[in-house]
Amino acid sequence: MTVSLEVAEGVGTLRLDRPPMNALDIATQDRLKELAEEAADRDDVRAVVIYGGERVFAAGADIKEMQTMDHAAMVRRSRALQDSFTAVARIPKPVVAAITGYALGGGCELALCADYRIAADNAKLGQPEILLGLIPGAGGTQRLPRLIGPSKAKDLIFTGRQVKADEALAIGLVDRVVPAAEVYEQAHAWAARLARGPAIALRAAKESVDTGLEADIDTGLAVERNWFAGLFATEDRERGMRSFVEEGPGKAKFV
């Protein structure tokens, strides 16, 4: 299998495994969608790590496969391509990308689907599609400017240049840079911490932020208001408030 889902202690690891560069061919895209939807549905998965292994996150689409496709073929395929990445972005749980080596093209777009990105100090990220006479087609023109702003996104998309980890951190493309040997460990620790948190409240927080970014502020506030009130019906809210009153902040154990 080119993608696997391994679950331990509430953390599901979506592992890309298509040597040597984890090129995202059609079969890999379809498998990614299938497992992202599984991770979204499974109660034993409380947070998710996206990982490509110690050497490379994902170097992009399978260019040899795409070269054989004409306009009609890509019209039929492009929606499925986007849907596979959107399935990752819509996992209603905290998702962290553990980025090693290259995250280019579709690999960078996959990292953009995470809520948080931890990169190796030797990582390189970018959207080089323009160098092929193309534009990003798996969400890059939409998710990248929402993350780092339109002018910085246009610089990367227009030039196709790669950015090293330090620049990626400076422009907000990644959130933390660590030694390469520690990437997965730190990403897993981030996910494991949140896996112990209040699952419904985390889902509410993620949906409120994501919906608000795609809508006007009044719509976003309405989503926040509805989730906020709705959480008062959960056992986690009762536990959290009771623990705060009786023991102080940060000691609640959620179910």
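Look a little higher up for the structure.
Definitions and limits used
- Residues numbered from 1 in each chain as written.
- Predicted model: local features only at pLDDT ≥ 70, side-chain atom pairs only at ≥ 80, totals over all residues.
- Heavy atoms only, no water.
- Pairing = 2+ DSSP bridges.
- Helix = DSSP H or I, 4+ residues; strand = E, 2+ residues; numbered from the N terminus.
- Axes fitted to C-alpha atoms, helices over the stretch in contact; angles between N-to-C directions.
- Polar contact = N/O pair within 3.5 Å; in protein donor to acceptor, adjacent residues only side chain to side chain.
- 1 Å grid on protein atoms, 1.4 Å probe; cavity = no way out; pocket = protein on both sides within 12 Å on 5 of 7 lines; lining within 4 Å.
- Points joined across faces, edges and corners; volume = space filled by probe spheres on them.
- Nonpolar A, V, L, I, M, F, W, Y, C, P; charged D, E, K, R; others polar.
- Buried < 20%, exposed > 50% of the residue type's maximum accessible area, 1.4 Å probe, protein only.

**A word on the sheet that holds strand E9 (residues 176–178)**
Okay, so step 1: In space, the six strands of this open sheet follow the order E1-E2-E3-E4-E6-E9, with mixed pairing throughout. Only two strands of the sheet have a single partner each, and these edge strands are strand E1 (3–8) and E9. Along the sheet, successive strands turn relative to each other by an average axial angle of 20°, direction set aside.
Okay, so step 2: For strand E3 (residues 47–51) and strand E4 (residues 95–99), the ladder comprises four bridges, and the chain directions are parallel. Bridge pairing links Val 49 to Val 96 in E4.

**Quick notes on the side chain of Asp 25**
Okay, so step 1: With respect to the helices, strands and loops of the structure, Asp 25 is situated in the loop between strand E2 (11–16) and helix H1 (26–41).
Okay, so step 2: For Asp 25, the side chain forms a polar contact with the side chain of Arg 18, separated by 3.4 Å.

**Overview of the sheet that holds strand E7 (residues 124–126)**
Okay, so step 1: Taken in spatial order, the three strands make up an open sheet running E5-E7-E8, and their pairing is mixed. Sheet topology places strand E5 (102–104) and strand E8 (162–164) at the edges, where each strand pairs with a single neighbour. Neighbouring strand axes in the sheet, compared pairwise and without regard to direction, differ in orientation by 20° on average.
Okay, so step 2: Where E5 lies against E7, three bridges are found, and the strand directions are parallel. In the sheet register, Leu 104 faces E7, and the bridge partner there is Gly 126.

**Section: the layout of surface pockets**
Okay, so step 1: Approximately 300 Å³ is the volume attributed to the second largest pocket.
Okay, so step 2: Around the second largest pocket, the lining comprises 15 residues; the ones closest to its centre are Asp 43, Arg 46, Lys 93, Ala 199 and Ile 200.
Okay, so step 3: With four residues, the top contributor of residues to the lining of the second largest pocket is helix H9 (residues 199–213).
Okay, so step 4: Partitioned by chemical class, the residues of the lining of the second largest pocket number eight nonpolar, no polar and seven charged.

**Some remarks on unusual backbone geometry**
Okay, so step 1: The amide bond that connects Pro 19 to the next residue, Pro 20, takes the cis arrangement and shows omega of 0°.
Okay, so step 2: Checked against the element boundaries, Pro 20 lands in the loop between E2 and H1.
Okay, so step 3: Positive phi, close to 55°, is recorded for Glu 9, a residue that is not glycine.
Okay, so step 4: Here Glu 9 is to be found in the loop between E1 and E2.
Okay, so step 5: Judged by its relative accessible area of 74%, Glu 9 falls in the exposed class.
Okay, so step 6: In this structure, Asn 22 is a non-glycine residue whose phi angle is positive, near 55°.
Okay, so step 7: One can find Asn 22 in the loop between E2 and H1.

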